[in-house]
Amino acid sequence: MRVRVIKPIAPKEKKLKVCAYARVSTDSLKQEDSLENQSSTYERSITSNPAYEYVGIYADQGISGYSENRPAFKSMIEKARAGEIDLIITKSVSRFARNTVTVLKVARELKELGVGIFFEEQNINTLSGDGEMMLTVLASFAQEESRSMSENNKWTMKKKFERGEIMVNTKRFMGYDKNEYGELIINPEEAKIVQKIFDMYLQGIGSFKIAAKLNEEGVQTITGKKWQDTTIRGMLKNEKYKGDCILQKYYTPENMRGRTVRNNGEVQAYYIEENHPAIVSIEDWEKVQELMEKRKRKRKIGTGGVEKYKNRYPLSGMLICPHCGKALRRKQVYNKRIEWWCSTYITKGKSTCKGIKIADEIASKKNITEQTVIEEVMIDGEKHYSYTSKTDYDRGIRNEPDAPATKNGSVLPSVNRQRRTAIKL
């Protein structure tokens, strides 16, 4: 009898599916080169490791680490959740994300799925025993470093403003280009459009009709989109067209990173006269401002929102659309019937807000003395309205409908909506 030994076949060692994540904050050519260098370096490093299976490089350019809307980052996380990635390699905690909460949230979620993140500079693997503790400390440092850099940038900007150095993005500002020294120079073709807008307004043509006329002629905005009356008004009020410039017109509050708001005295502003060549004469610019104010006074228009049309009618600014939160506007319709329509629906159409309308004869019968949200509810096939104070509505409270609707009132367009009931506590 002869015995032949059959040796077991050693199982193939499973390779880790590895990718890398890279990010730069600006779109400059220098940063673009940096991103390409990072990507090629990671690719060589991963493909040369026999224990790794290369599954790609994910890179975001010109996006802050605070942003949650990073396409490559989101795609990478989705692949990791789907089991297509076992390990993510990245340069540092700050490259991965600037926000401590985001870093820890993603790291913990992926750790539960068995997916690790390796931070090269800090030599941390989130799958290791002390990985999360070290990550928490370093992520906090990264966030504080970013905050410090932000403060330094603000200080630098302030000094530039004090010296009268302006910063204007001419890609979104019609009428001007920049020369090699960064100074504003007139763009002749765009300047003709700007001058035409001011001339039309001085001829008595309103901003809405000016926008319609430009769209009809096929004239595009600086961003290639259609003209809106708000765009026209913004240009008519822009002091840069008379050669002046306001610095720090907008600012970024501490608790609103990535967003800017109008500066109404919260931070220092600077006004520079005769900063650059004017497209519109000072006299014409001033006449336009006077005319705009005159029209506002004539129509009793406030600063916007619910202040618009204030005091024109008893219900002006008092009725609120439940869909967009904007005030309903008084409107005369067929047979001179008066109705209140959602202002967003009127100006921007149903693609922006499906709107609501209610007959003036119905709304006037209610003793409405504060801002009230109007909702339409279908009960047994009949339309009814409910009236809830905006204060209660914002707290999640909804009043029951108490008056049947007439044929004069309906949702724009009619939609059956699920009725939610809240109990007052």
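Note: the structure precedes this text.
A few points on the structure.

A closer look at the overall build of the protein chain
Along its length, the protein chain carries 12 helices and 19 strands. Carbon and sulfur atoms make up 49% of the accessible area of the protein chain, which amounts to about 26300 Å² in all.

Quick word on the pattern of salt bridges
In the structure shown here, the tally under the stated rule is 11 salt bridges. Lys 213 is the salt-bridge partner of Glu 217, the closest N and O atoms lying 3.8 Å from each other. Taking relative accessible area as the criterion, Glu 217 reaches 39% and is therefore assigned partly exposed. Given the relative accessible area of 34%, Lys 213 is considered partly exposed. The closest approach of N and O atoms between Asp 244 and Lys 242, which form a salt bridge, is 3.7 Å. With relative accessibility at 9%, the residue Lys 242 sits in the buried group.

Observations regarding unusual backbone geometry
Of note in the backbone geometry, Asn 123 takes a positive phi value of approximately 55 degrees without being a glycine. When you line up the elements, Asn 123 lands in the loop between strand 4 (116-119) and strand 5 (124-125). Unlike most non-glycine residues, Glu 274 shows phi in positive territory, near 50 degrees. Take Glu 274: it is sitting in the loop between strand 11 (270-272) and helix 9 (282-299).

Topic: the pairing of strand 14 (residues 338-342)
By the criterion of burial, strand 14 is predominantly enclosed, with five of the five residues buried. Examined bridge by bridge, strand 13 (residues 328-332) and strand 14 share five bridges and lie antiparallel to one another. The residue bridging Gln 332 from the neighbouring strand is Ile 338, located in strand 14. Two successive antiparallel strands, strand 13 and strand 14, enclose a turn made up of five residues, where Asn 335 displays a positive phi of approximately 60 degrees. Pairing between strand 14 and strand 15 (residues 356-359): three bridges, direction antiparallel. In the sheet register, Glu 339 faces strand 15, and the bridge partner there is Ala 359.

Looking at the packing of helix 7 (residues 207-216) against helix 8 (residues 229-236)
Across the interface, helix 7 lies against helix 8 with an axial gap of 8 Å and an inter-helix angle of 110 degrees. Relative to helix 8, the element helix 7 is oriented roughly perpendicular. For the crossing formed where helix 7 meets helix 8, the hand is right-handed. Each of Ser 207, Phe 208, Ile 210, Ala 211 and Leu 214 in helix 7 lies in contact with helix 8, whose residues at this interface are Asp 229, Ile 232 and Arg 233.

Quick word on the packing of aromatic side chains
In the structure shown here, the tally under the stated rule is nine aromatic pairs. Look at Phe 73 and Phe 96: their rings are 5.1 Å apart centre to centre, the planes differ by 70 degrees, and that puts the pair in the edge-to-face class. Linking Phe 73 in helix 2 (residues 71-81) with Phe 96 in helix 3 (residues 93-96), this pair joins segments that are 23 residues apart in sequence. Here the two residues Phe 73 and Phe 96 agree in accessibility, since each one is buried.

Here we look at the packing of helix 6 (residues 188-202) against helix 7
Two elements in contact, helix 6 and helix 7, have axes separated by 10 Å at closest approach and are oriented at 135 degrees. In terms of orientation, helix 6 lies oblique with respect to helix 7. Considering only the axes of helix 6 and helix 7, their crossing is right-handed. Contact residues: Ile 197, Met 200 and Tyr 201 in helix 6; Ser 207, Ile 210, Lys 213 and Leu 214 in helix 7. Across the contact of helix 6 with helix 7, the residue classes tally to five nonpolar, one polar and one charged.

Considering helix 6
Here helix 6 is 15 residues long and its end C-alpha atoms lie 21 Å apart, about the 21 Å a rise of 1.5 Å per residue gives. Every buried residue of helix 6 is listed here: Glu 190, Ala 191, Ile 193, Val 194, Ile 197, Phe 198, Met 200 and Tyr 201. Looking one or two residues beyond helix 6, the residue adopting positive phi is Gly 204, at roughly 100 degrees.

Thoughts on the side chain of Thr 221
Tracing the sequence through the fold places Thr 221 in the loop between helix 7 and helix 8. Since its relative accessible area comes to 11%, Thr 221 is described here as buried. Aside from chain neighbours lying at most four places away, what touches Thr 221 is Met 174, Lys 226 and Trp 227.

Thresholds applied
- Residues numbered from 1 in each chain as written.
- Predicted model: local features only at pLDDT ≥ 70, side-chain atom pairs only at ≥ 80, totals over all residues.
- Heavy atoms only, no water.
- Helix = DSSP H or I, 4+ residues; strand = E, 2+ residues; numbered from the N terminus.
- Areas by Shrake-Rupley, 256 points an atom, 1.4 Å probe, with all protein chains shown as cover.
- Salt bridge = Lys/Arg side-chain N within 4 Å of Asp/Glu carboxyl O.
- Buried < 20%, exposed > 50% of the residue type's maximum accessible area, 1.4 Å probe, protein only.
- Pairing = 2+ DSSP bridges.
- Axes fitted to C-alpha atoms, helices over the stretch in contact; angles between N-to-C directions.
- Parallel < 35°, antiparallel > 145°, perpendicular 65-115°, else oblique.
- Left-handed = near helix turned anticlockwise from the far one by under 90°.
- Contact = heavy atoms within 4.5 Å.
- Phe/Tyr/Trp six-rings, centres within 6.5 Å; stacked < 30°, edge-to-face > 60°.
- Nonpolar A, V, L, I, M, F, W, Y, C, P; charged D, E, K, R; others polar.
- Expected span 1.5 Å × (residues − 1).

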